[in-house]
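# Structural characterization, general
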Amino acid sequence: MNPPAAGPHRSGRVWVALALLAATVGVTGMLGRWQLHRAQEKLATLAELEAGRALPPLVLDAATPPAELRPWRPAMVRGRWLADRTVLLENRMSAGRPGFWVVTPLAVEQGAAVAVLRGWLPRPVPDGPVRVQTPPGPVEVSGVLLARVPRLLDLGALSGRPQAWPEPWPQADGAPPRMQNLDTGAYGQAAGLALLPAVLEQTGAQADGLLREWAGPPVNVDTHRGYALQWFSFAAIAAIAFGVLLVRHFRSTR
């Protein structure tokens with residue numbers, strides 16, 4: 001008796017291979033389009049940055065209209081630091097060293113305040129209490145406006161367990177709370193402050209020991225375009241392989 005023909009088994013393997021190649025074309029094409037979308041987002045950020053920097057410097061006060069708070073616009077504010085409302089943002093790196101970003105509200109007239117991203121402070125080794133130097137008295141702070149404090153991936157928030165503010169706050173020992181990210185709305189509510197709807201990224205020197213070497217927004221548009229080209233190349237290779245395999249399969253079945 002002759003052994004059963006292997007044709008059906010081989011045909012099944014071919015259809016599995018075709019399905020995998022079709023999935024590869026779809027996935028790699030989608031990744032290529034996503035990289036192009038990211039490039040467009042970076043172009044929009046770059047345009048926003050250039051438009052903001054071209055605006056005249058803004059003096060912030062309680063009556064500043066929200067429409068004037070354009071991202072990357074130069075700004076200046078006069079007021080008093082609310083040192084007991086300082087917050088430390090964890091896992092911020094500088095020259096390969098771990099540390100914190102320091103955020104302190106600056107009170108202006110009429111009960112308003114602005115959240116100031118003041119600078120970077122290294123993490124003590126071994127880890128322990130962090131003391132932030134805050135100049136007393138009225139100060140004048142210059143910088144650029146941001147729509148929000150740049151964020152890091154927060155696994156706790158993704159799992160539905162965001163970090164909570166300490167209660168009561170400010171704490172009696174004056175230790176700043178450590179957060180992963182900072183939402184200015186929640187910050188103002190926890191601190192009992194009417195914060196302006198923007199963040200001032202401080203520039204220039206001040207006697208507080210903080211480092212202010214801000215990286216700025218990532219605008220590596222060409223990198224995303226290069227990744228998109230790679231993904232589309234993989235999609236094209238998979239599509240060609242799909243066509244060649246399909247043609248050979250139909251020829252063999254004839």
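Please refer to the structure higher up on the page.
Residues numbered from 1 in each chain as written. Predicted model: local features only at pLDDT ≥ 70, side-chain atom pairs only at ≥ 80, totals over all residues. Heavy atoms only, no water.

Of the regular secondary structure elements, the chain holds four helices and eight strands. Going residue by residue from the N terminus, the α and β elements of the chain occur as α-β-β-β-β-β-β-α-β-α-β-α. Since a compact globule built from 254 residues should have a radius of gyration of about 18 Å, the 27 Å found for the chain marks it as more spread out than a globular shape. Each principal axis of the C-alpha atoms in the chain carries an extent, and together these give about 100 × 40 × 30 Å. The 254 residues of the chain split such that 35% are buried. Considering only intrachain contacts with a sequence separation of at least 6, the fraction spanning at least 24 residues in the chain is 69%. Carbon together with sulfur atoms contributes 60% to the accessible area of the chain, which is approximately 14,900 Å² in total. (Helix = DSSP H or I, 4+ residues; strand = E, 2+ residues; numbered from the N terminus. Rg over C-alpha atoms; globule rule 2.2 N^0.38 Å. Buried < 20%, exposed > 50% of the residue type's maximum accessible area, 1.4 Å probe, protein only. Contact = heavy atoms within 4.5 Å. Areas by Shrake-Rupley, 256 points an atom, 1.4 Å probe, with all protein chains shown as cover.)

Attention shifts here to the side chain of Asn181. Along the chain, Asn181 falls in the loop between strand E7 (178-179) and helix H3 (184-191). Judged by its relative accessible area of 8%, Asn181 is buried. Within the local environment of Asn181, its side chain forms a polar contact with the backbone nitrogen of Leu152, the two atoms lying 2.7 Å apart. (Polar contact = N/O pair within 3.5 Å; in protein donor to acceptor, adjacent residues only side chain to side chain.)

Restricting attention to buried positions, one finds in H3 the residues Tyr187, Gly188 and Ala191. Projected onto a plane normal to the axis of H3, the buried residues spread over an arc of 95° and lie on a single side. Contacts from the buried residues of H3 go to strand E3 (87-94), strand E4 (97-107), strand E5 (112-122) and strand E8 (194-202). Immediately beyond the C-terminal end of H3, within one or two residues, lies Gly192, with a positive phi of roughly 70°. (Arc of directions from axis to C-beta.)

Where a protein is soluble and globular, its nonpolar side chains tend to be buried together. With 23 residues, the main nonpolar core has Val87, Leu89, Leu182 and Tyr187 as its most contacted residues. Those elements that provide at least two residues to this core are E3, E4, E5, strand E6 (138-146), H3 and E8. Per-element accounting of this core gives the leading share, four residues, to E5. Here Val87 is in contact with Trp101, Val102, Val103, Trp165, Trp169, Pro177, Met179, Leu182 and Tyr187, once residues within four sequence places are set aside. Residues Trp81, Ala112, Val139 and Val141 belong to the second largest nonpolar core, which totals 17 residues. (Core = buried A, V, L, I, M, F, W, Y, C linked by side-chain atoms within 4.5 Å.)

Another point: helix H4 (residues 221-253). For H4, built from 33 residues, the straight-helix expectation of 48 Å at 1.5 Å per residue is met to within 8% by its first-to-last C-alpha distance of 48 Å. Turning to H4, its buried residues number three or more, namely Val221, His224, Ala228, Ala235, Ala238 and His249. (Expected span 1.5 Å × (residues − 1).)

Now for the packing of aromatic side chains. The geometry of an aromatic ring pair is captured by two quantities: the separation of the ring centres and the angle between the planes. Tallied over the full model, the rule gives two aromatic pairs. With a centroid separation of 5.6 Å and an interplanar angle of 75°, the aromatic rings of Trp101 and Trp214 are classed as edge-to-face. Remark: Trp214 occurs in the loop between E8 and H4 and Trp101 occurs in strand E4; sequence separation between them is 113 residues. On the accessibility criterion, Trp101 (16% relative accessible area) is buried. Considering the side-chain rings of Trp231 and Phe234, the 5.8 Å spacing of their centres and the 80° angle between planes classify their relative orientation as edge-to-face. Linking Trp231 with Phe234, this pair stays in helix H4, spanning three residues, or about one helical turn. Judged by its relative accessible area of 28%, Trp231 falls in the partly exposed class. Residue classification places Phe234 among the partly exposed residues on the basis of a relative accessible area of 43%. (Phe/Tyr/Trp six-rings, centres within 6.5 Å; stacked < 30°, edge-to-face > 60°.)

Turning our attention to the environment of Arg70. You can see Arg70 is positioned in the loop between strand E1 (58-60) and strand E2 (74-81). For the pair formed by Arg70 and Gln110, sequence separation is 40 residues and the distance between their alpha carbons is 22 Å. If we skip the residues at most four places from it in the chain, Arg70 touches Ala51, Leu55 and Leu145.

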